[in-house]
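Here is how the chains run, residue by residue.
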Amino acid sequence: MFHGIGEEGQRKLGQGKVVIIGCGALGCNIANLLVRAGVGKIRIVDRDFIEYHNLQRQTLFDENDVKNQLPKAIAAMKHLEEINSLVEIEGIVADVNFSNIEKFCSGVNVILDGLDNLETRYLINDVSLKSGIPYIYGGAISSFGMTMTIIPGVTPCFRCVFPNIPPPRTMPTCETDGVLGTATSAMGALEATEAMKILVGSDFINRDLITMDVWDISFERFPITKKEGCPACSGRYDFLGQKVKIIRSALCGQSRAVQVVDTESEGIDLTQLAGRLTGVTNMTYDEYMLRFDVDGCSIIVFPDGRAIIRNTLDESAAEKLYFKYVRT
Ligand SMILES: [Zn+2]
C-alpha cells in the first residue's frame, strides 16, 4: 500500500540481495527489518558470539542463545528463518578482512554496515567503489548515530568525508561511552530504509550525512561533496591492497579481548586441535568454536582459523598465545 514501494516495488524487494557486514546491534535491526520487508536474499557476516550484555541492544538474540554459546551469524539466521521463511538467509561466521571481503560482497545489490569498527568501513568503501555496489554506512555510539549512502560514481564516498582512520583510542567506543539500544535501533531503521529505496529504484536516496541523537532529540543533515583527489574515488583502493599476514585487533563489546587472524590460514579442525592441546583447562568445543583457559586468558578458536583471546589487551601477548596453542 505504501506509495514509495507498491506491488512492483514489493516484487523488486523479493528479488533483492543484500549483505550485512556485522551482526551486532545495528546488524540485528537491519536484518530484522529487511527480512520482514521481504528482501529475497540476505547474507550476514559476523565474527563474534553472543554474550549476556549484548542483549540490551542486539534485538535478534535471547538468553538461550547466550546459554548455547552461539555465534551471532548462526543465531541470527535461525531467528530470521522463523520470522520469514520465504527469505533466503546465509549466516557466515568470519572476520571480514581484505582476503575475503570481495567474496562476501559478490552478487549482492547493496552492502549494509552493521559494524563496530572503523577499519572495516574503509575496506567496504574500497570494495563498493571497485565493484560498483552501493554501500550504506551507519554507526552508533552512546545516544548518537550517523549514516550516509554511497552510490559508486554518483555520490561522495566514505573516504571523501572521512579521509583517514583516526589514531587508536582517540574515538569513543562502546567500552568508554556505552551505546543505547534505541540509538542503534533508530540508525538500523534508517539504513534498512535506504536499502529498500535502492532495491526498488527510488529517486529519494539520501545524499547527505545524517546525524541523529535520540537522547537530546536532534536530527541533522549535512551536505557532502566529493573530495578533490580522493584516492578511493580515483580508483586507488589502499585498504583492499593492504595485505598483511596476521591481523590483531581489540574487540568492541567484549571488555578485554584481542582477536588474532591469520589471513593465510585455511581453517582449523577443532576436533584435532582439541586432541592435541595439553596443559590447558576448561576445554569445551562444538561445531562452531573451541574454548579453553591458559596463562590467565580464555581462548576461543573458530573453524576459520582465527582466535579471540580474552582477558588481555596486549596484542603481541595475544599473538604469542595464538602461535603457542592454536597454530602449532
Ligand atoms: Zn571518495
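Residues numbered from 1 in each chain as written. Predicted model: local features only at pLDDT ≥ 70, side-chain atom pairs only at ≥ 80, totals over all residues. Heavy atoms only, no water.

## Some words on the packing of helix 1 (residues 6-15) against helix 9 (residues 181-200)
At step 1: Contact geometry of helix 1 with helix 9 gives a least axis separation of 8 Å together with a crossing angle of 105°. In terms of their interaxial angle, helix 1 and helix 9 are classed as roughly perpendicular. Of the residues in helix 9, those touching helix 1 at Gly9, Lys12 and Leu13 are Met196, Leu199 and Val200.
At step 2: In terms of residue class, the contact of helix 1 with helix 9 is built from 4 nonpolar, 1 polar and 1 charged. (Axes fitted to C-alpha atoms, helices over the stretch in contact; angles between N-to-C directions. Helix = DSSP H or I, 4+ residues; strand = E, 2+ residues; numbered from the N terminus. Parallel < 35°, antiparallel > 145°, perpendicular 65-115°, else oblique. Contact = heavy atoms within 4.5 Å. Nonpolar A, V, L, I, M, F, W, Y, C, P; charged D, E, K, R; others polar.)

## Some points on the side chain of Ser249
At step 1: Inspection of the secondary structure assignment puts Ser249 in strand 9 (residues 246-250).
At step 2: Classification of Ser249 by relative accessible area gives buried; the value is 19%.
At step 3: Setting aside residues up to four positions removed in sequence, Ser249 forms contacts with Arg47, Ala257, Val258, Gln259 and Glu315. (Buried < 20%, exposed > 50% of the residue type's maximum accessible area, 1.4 Å probe, protein only.)

## Examining the coordination of the zinc ion
At step 1: Only Cys157 (SG), Cys160 (SG), Cys230 (SG) and Cys233 (SG) from the protein coordinate the zinc ion, and they sit 2.3 Å from it.
At step 2: Along the chain, the residues that donate to the zinc ion are spaced as C-x2-C-x69-C-x2-C. With Cys160 in helix 7 (residues 158-161) and Cys233 in the loop between strand 8 (218-223) and strand 9, the pair connects residues that are 73 residues apart, well separated along the chain.
At step 3: Assessed through its relative accessible area of 8%, Cys160 is described here as buried. (Donors = N, O, S within 2.8 Å, 3.2 Å for Na, K, Ca; no water.)

## Describing the sheet that holds strand 2 (residues 41-46)
At step 1: Strands sit in the order 3-2-1-4-5-6-7-8 across an open sheet of 8 strands; the sheet is mixed. Of all strands in the sheet, those with a lone pairing partner are strand 3 (88-93) and strand 8, marking the two edges. Mean inter-strand twist for the sheet, computed between neighbouring axes without regard to direction, equals 15°.
At step 2: In terms of strand pairing, strand 2 meets strand 3 through 6 bridges, oriented parallel. (Pairing = 2+ DSSP bridges.)

## Considering the pairing of strand 4 (residues 110-113)
At step 1: Burial along strand 4 is two-sided: the face carrying Val110 and Leu112 and the face carrying Ile111 and Asp113 are both buried.
At step 2: In the sheet, strand 4 pairs with strand 5 (residues 135-141) via 2 bridges, with the strands oriented parallel. Bridge pairing in strand 5 links Ile111 to Tyr135.

## Overview of the domain arrangement of the protein
At step 1: Domain boundaries in the protein define domain 1 (6-223) and domain 2 (246-326).
At step 2: Facing the 21 residues of domain 1 at the interface are 19 residues of domain 2.
At step 3: Approximately 1,700 Å² of surface area, both sides summed, lies buried where domain 1 meets domain 2, with 52% of it carried by carbon and sulfur atoms.
At step 4: Summed over the shared surface of domain 1 and domain 2, the number is 1 salt bridge.
At step 5: Close ionic contact of Arg310 with Glu51 constitutes a salt bridge, the shortest N to O distance being 2.5 Å.
At step 6: The interface formed by domain 1 and domain 2 includes 4 residue pairs in polar contact (both at pLDDT 80 or more).
At step 7: Those elements giving two or more residues to the side of domain 1 that touches domain 2 turn out to be helix 4 (72-83) and helix 8 (174-177). (Domains from an automatic or database assignment. Buried area = accessible area lost by both parts, 1.4 Å probe. Salt bridge = Lys/Arg side-chain N within 4 Å of Asp/Glu carboxyl O. Polar contact = N/O pair within 3.5 Å; in protein donor to acceptor, adjacent residues only side chain to side chain.)

## A short note on the sheet that holds strand 10 (residues 257-262)
Backbone hydrogen bonds are what pair the strands of a sheet, in a parallel or an antiparallel way.
At step 1: Strand order across the open sheet formed by 6 strands is 9-10-14-13-12-11, with antiparallel pairing between neighbours. Across the chains shown, the open sheet's two edge strands, defined by having one partner strand only, are strand 9 and strand 11 (281-285). Ignoring strand direction, the axes of neighbouring strands in this sheet form an average angle of 15°.
At step 2: Across 4 bridges, the pairing between strand 10 and strand 14 (residues 307-310) is antiparallel. The residue bridging Val258 from the neighbouring strand is Ile309, located in strand 14.
At step 3: Helix 11 (residues 315-326) contacts strand 9, strand 10, strand 12 (290-294), strand 13 (297-301) and strand 14 of the sheet and is inclined by roughly 125° relative to strand 9.

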